[in-house]
Amino acid sequence: MDLPSGLLTLPGRTFLHFLVYLGQLADLMRELSIAVRSRVWRLRLVAQQIVAIGYGSQAVVIVTGAFTGAVFTFQSYAKFKDFGFETTVGAVVSVALCRELGPVLAGLMVAGRVGAAMAADIGTMKVTEQVDALRVMGVHPVDFLVLPRFLAMMVSMPFLVAESISFGLFASYLVTSFGYDMPSAWYLTHMLDHTNMEDLSIGMIKGFVFGMLITLISCHQGLSAENGAVGVGAGTTRAVVISSLVLLIVNFFLSILLNYVFPIGTV
């Protein structure tokens, strides 16, 4: 039985599209590196983006981190109590939030909020020919549109991750102390004894890398938008979906790499 020709060509076509997309991202990264080295950073625009990205995303990140820490503590305590390990909940929750849950969930929320806004703003400028107007005036779109967002995300994302971790730990502490009547000294002692700067460093590094990926992917989708409002909507959707998937995939390999630098379980 002969297979349809489309079924045979689909993997190759998908792989070629993937290579083209990687090449476009690499070209945008090259232009961005040139813009960074030019030192024309437009600090006023960077400050405006820090307010929009960092300050504007605080509520989303805080709520996500707090309730993640609370529900993770609730589920962990119920199971650990069966084995008599309930005093170790603080250590487990702390390490999990610092290394994985804090940066990943903060990254996903920022990708949904900030990534979509970046793609929509730049995409709207693209389809209304404002990007072409910038080129006519001698202003490179990457310098004016992408670089301020990139620098602002590099500054804001580690702080957002730190907030997510902090409020997650605080909510975990409240659940164990007031929900399960665990002595606070037990929780704090185990948390401080088994959480070190290496764990926190992993969260900050992941947040920094995630911020760069979100900005790069979202701005690329905005600059590639076409076909009017429909194209802007499609680009915004792709920005959120691709950013979220890339964050989850990169997180796996980044966890393996960073575990060699900062091995888990060492004090």
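The structure presented is a predicted model; accordingly, all values stated were derived computationally and were not measured.

A. Representation of the packing of helix α4 (residues 89-127) against helix α8 (residues 197-223). Two elements in contact, α4 and α8, have axes separated by 8 Å at closest approach and are oriented at 20 degrees. Put simply, α4 runs roughly parallel to α8. As for the relative orientation of α4 and α8, their crossing is right-handed in sense. Looking at the contact of α4 with α8 residue by residue, the classes come out as 15 nonpolar, 9 polar and 5 charged.

B. Highlighting helix α9 (residues 228-261). For α9, with 34 residues, the first-to-last C-alpha span of 47 Å sits near the 50 Å given by 1.5 Å per residue. G231, V232, G235, T236, A239, S243, S244, L247, N251, L254, S255 and L258 are the residues of α9 that are buried. For α9, the secondary structure elements touched by its buried residues are α4 and α8.

C. Layout of the packing of α8 against α9. Remark: α8 packs on α9, axes separated minimally by 9 Å, with the N-to-C direction vectors making an angle of 150 degrees. Classified by the interaxial angle, the pair formed by α8 and α9 is roughly antiparallel. With respect to the hand of their crossing, α8 and α9 are arranged in right-handed fashion. The segment α8 lies against α9, with I202, I205, K206, V209, F210, L213, I214, I217, S218 and Q221 engaging G235, R238, A239, I242, S243, V246, L247, V250, N251, L254, S255 and L258. For the contact of α8 with α9, a count of residues per class yields 14 nonpolar, 6 polar and 2 charged.

D. Expanded view of the UniProt feature "transmembrane region" (unreviewed entry) in the chain. The residues that UniProt annotates with the feature "transmembrane region" (unreviewed entry) are residues 50-77, 159-180, 200-219 and 240-262. The span residues 50-77 shows a helical share of 93% and a strand share of 0%, and its end C-alpha atoms are spaced 38 Å apart. Helix makes up 100% of residues 200-219 and strand 0%. Its end C-alpha atoms lie 29 Å apart.

E. Quick peek at the pattern of salt bridges. Under the defined criterion, the tally for this structure stands at 4 salt bridges. Note that D199 is salt-bridged to R99, the shortest N-O span being 2.6 Å. Here R99 lies in helix α4 and D199 lies in helix α8, a separation of 100 residues in the sequence. Among the ionic pairs, D132 bridges to R135, the shortest N-O distance being 3.5 Å. Residue D132 and its partner R135 are both found in helix α5 (residues 130-136); the two are separated by 3 residues, about one turn of the helix. Since its relative accessible area comes to 38%, D132 is described here as partly exposed. Among the residues examined, R135 registers a relative accessible area of 49% and is labelled partly exposed.

Here is what the cut-offs are and how they apply
Residues numbered from 1 in each chain as written. Predicted model: local features only at pLDDT ≥ 70, side-chain atom pairs only at ≥ 80, totals over all residues. Heavy atoms only, no water. Axes fitted to C-alpha atoms, helices over the stretch in contact; angles between N-to-C directions. Helix = DSSP H or I, 4+ residues; strand = E, 2+ residues; numbered from the N terminus. Parallel < 35°, antiparallel > 145°, perpendicular 65-115°, else oblique. Left-handed = near helix turned anticlockwise from the far one by under 90°. Nonpolar A, V, L, I, M, F, W, Y, C, P; charged D, E, K, R; others polar. Expected span 1.5 Å × (residues − 1). Buried < 20%, exposed > 50% of the residue type's maximum accessible area, 1.4 Å probe, protein only. Contact = heavy atoms within 4.5 Å. UniProt positions renumbered as here; feature names shortened; annotations may be inferred. Salt bridge = Lys/Arg side-chain N within 4 Å of Asp/Glu carboxyl O.

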